[in-house]
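Take a look at the letters that make up each chain.
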Amino acid sequence: MSEHDEKPAKPADIAAGQGDTRDGSGESGNRLRKELPQEVPGAGPAEAPAAGAAPVEPEPLPEQAPEPQPDPEPRLTGRQRLAQGVWPPRVTRAQLIVAVLLFGLGFGLAVQVASNSDSDNALRGARQEDLVRILDELDDRTQRLEDEKQGLEKQRDELENSSDQAEEARKQTVEKERQLGILAGTVAAQGPGITMTIQDTKGTVEADMLLDAIQELRAAGAEAIQVNGVRVVAGTYLTDSGKGVGVDGNKINAPYRFKVIGKPQDLEPALNIPGGVVQTLEKEQATVTIERSTDIVVDALRAAKRPDYARSSSQ
């Protein structure tokens, strides 16, 4: 075998040679050191110091700043805890519906109490004679209704017991026609009642005030009413017309004169009750005078209007 066919040196031989070189001249050792990568200080695990080399002191670690401690939470008072529990509100749909229903019920009760308080205050401030007059008026209305009931029952009994029911029915029909003619304003009427005159020098009386007077008279039992030559019936309407008032399209001016047939003892107190027609008109600086009479004539007539569609159902 030639010199060129020598086997390559093993790593162990190289290491042995390195050890020999380190002990010798040191040239081969320097050459091998240059071929190795330069060591990076602090990278990788710490290695044991070489023999004969000075020990390397570890670099001191930088001091870490102490972590800031969170501030302790301030203690809440009972009122603050209650406020946090109440607000913001946590409302469900069912609670919202119940709240709306309770609000509506409370509002209705408040309105009812307020209206009752107003009426109670009006009666509380009335004089004793006014309260007696109101009670008498209520008694009179009750008596009128009772008399009307007895009259109808009497007519029924006469029809049932009459031997000639056809003749009795004809008489009652004529009487009912006369009564209905008075109410409809197609015939004249005469009887006891009152005359009410309203002087309006300031021009403050309006149609709604006269309408209140008519309704109060009807409630007190008025059977026929006439205002300045215009017959008042069930379908009468009033409107404001300049400085006057329109009644069924007929303009009338002050003084407004009412001719009313009915029981005077019922009609006059109904107009003079506390907060009634007379006091309302006097607040508007109008002057009201009422006179009782045993003979009032209501002669203003209304033309009988034939219905366009309604027909009698009797055979």
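Computed from a prediction, not measured in an experiment: that's the story for all the values here.

**Topic: the sheet that holds strand E7 (residues 256-261)**
Paired through their backbone hydrogen bonds, the strands of a sheet run either parallel or antiparallel.
Piece 1. Judged by pairing direction, the sheet is antiparallel, and its five strands sit side by side in the order E3-E2-E7-E1-E8 without closing on themselves. Each of the sheet's edge strands pairs with one partner strand only, and the pair in question is strand E3 (230-232) and strand E8 (287-298). Strand-to-strand twist across the sheet, computed as the mean angle between neighbouring axes with direction ignored, equals 25°.
Piece 2. The sheet contact formed by strand E2 (residues 224-227) and E3 spans three bridges and is antiparallel. Counterpart to Gln226 in the pairing with E3 is Arg231.
Piece 3. Helix H7 (residues 207-219) rests against strand E1 (189-199), E2, E3 and E7 of the sheet, and its axis sits at about 10° to E7.

**Some thoughts on helix H8 (residues 264-271)**
Piece 1. Taking burial as the measure, the eight residues of H8 include six buried ones, the bulk of the element.
Piece 2. Considered for burial, the residues of H8 that qualify are Pro264, Asp266, Leu267, Pro269, Ala270 and Leu271.
Piece 3. Where H8 is buried, its residues meet helix H5 (128-161), E1, H7, E7, helix H9 (277-283) and E8.

**Regarding the confidence of the model for the protein**
Piece 1. On average, residues of the protein carry a pLDDT of 76, and 68% of them reach 70 or more.
Piece 2. In this model residues 1-6 is a low-confidence stretch, pLDDT under 50, and it forms zero contacts with partners more than four residues away in sequence or in other chains.
Piece 3. Note on residues 9-25: pLDDT is under 50 here. Beyond four places in sequence and across chains, it has six contacts.

**Structural notes on the packing of H7 against H8**
Piece 1. Look at H7 against H8: their axes get within 9 Å of each other, and the N-to-C directions meet at 140°. Once H7 is placed against H8, the crossing between them reads as right-handed. Of the residues in H8, those in contact with Ala213, Glu216 and Leu217 of H7 are Leu267, Ala270 and Leu271.
Piece 2. Taken together, the residues of the contact of H7 with H8 break down into five nonpolar, no polar and one charged.

**Quick word on the environment of Lys202**
Piece 1. Looking at where Lys202 falls in the secondary structure, it is placed in the loop between E1 and H7.
Piece 2. With 82 residues separating them in the primary sequence, Lys202 and Glu284 have C-alpha atoms 8.3 Å apart.

Quick notes on the rules
- Every residue gets a number counted from 1 within its own chain, in the order that chain's sequence is written.
- Per-residue local features are limited, in this predicted model, to residues with pLDDT of at least 70; the limit for side-chain atom pairs, both in listing and counting, is 80 or more; totals at the level of whole chains, interfaces and linings are taken over all residues.
- In computing side-chain values, all of the structure's heavy atoms are included and hydrogens and water are not.
- The criterion for strand pairing is that DSSP finds at least two bridges linking the strands in question.
- Here a helix means four or more residues in a row that DSSP labels H or I, a strand means two or more in a row labelled E, and each is numbered from the N terminus.
- For helices, the fitted axis covers only the stretch in contact; all axes are lines through C-alpha atoms, and the angles between them, taken along N-to-C directions, range from 0 to 180 degrees.
- Contacts: residue pairs with any heavy atoms within 4.5 Å of one another.
- Remark: exposure states derive from per-residue accessible area (1.4 Å probe, protein chains only) relative to the maximum for the residue type, with buried under 20%, exposed over 50%, and partly exposed in between.
- One number per residue, pLDDT, summarises how confident the predictor is, and it ranges from 0 to 100.
- Should the near helix be turned anticlockwise from the far one by less than a right angle, the crossing is termed left-handed; should it be turned clockwise, right-handed.
- All amino acids are sorted into three groups, where Ala, Val, Leu, Ile, Met, Phe, Trp, Tyr, Cys and Pro are nonpolar, Asp, Glu, Lys and Arg are charged, and the leftover types, Gly among them, are polar.

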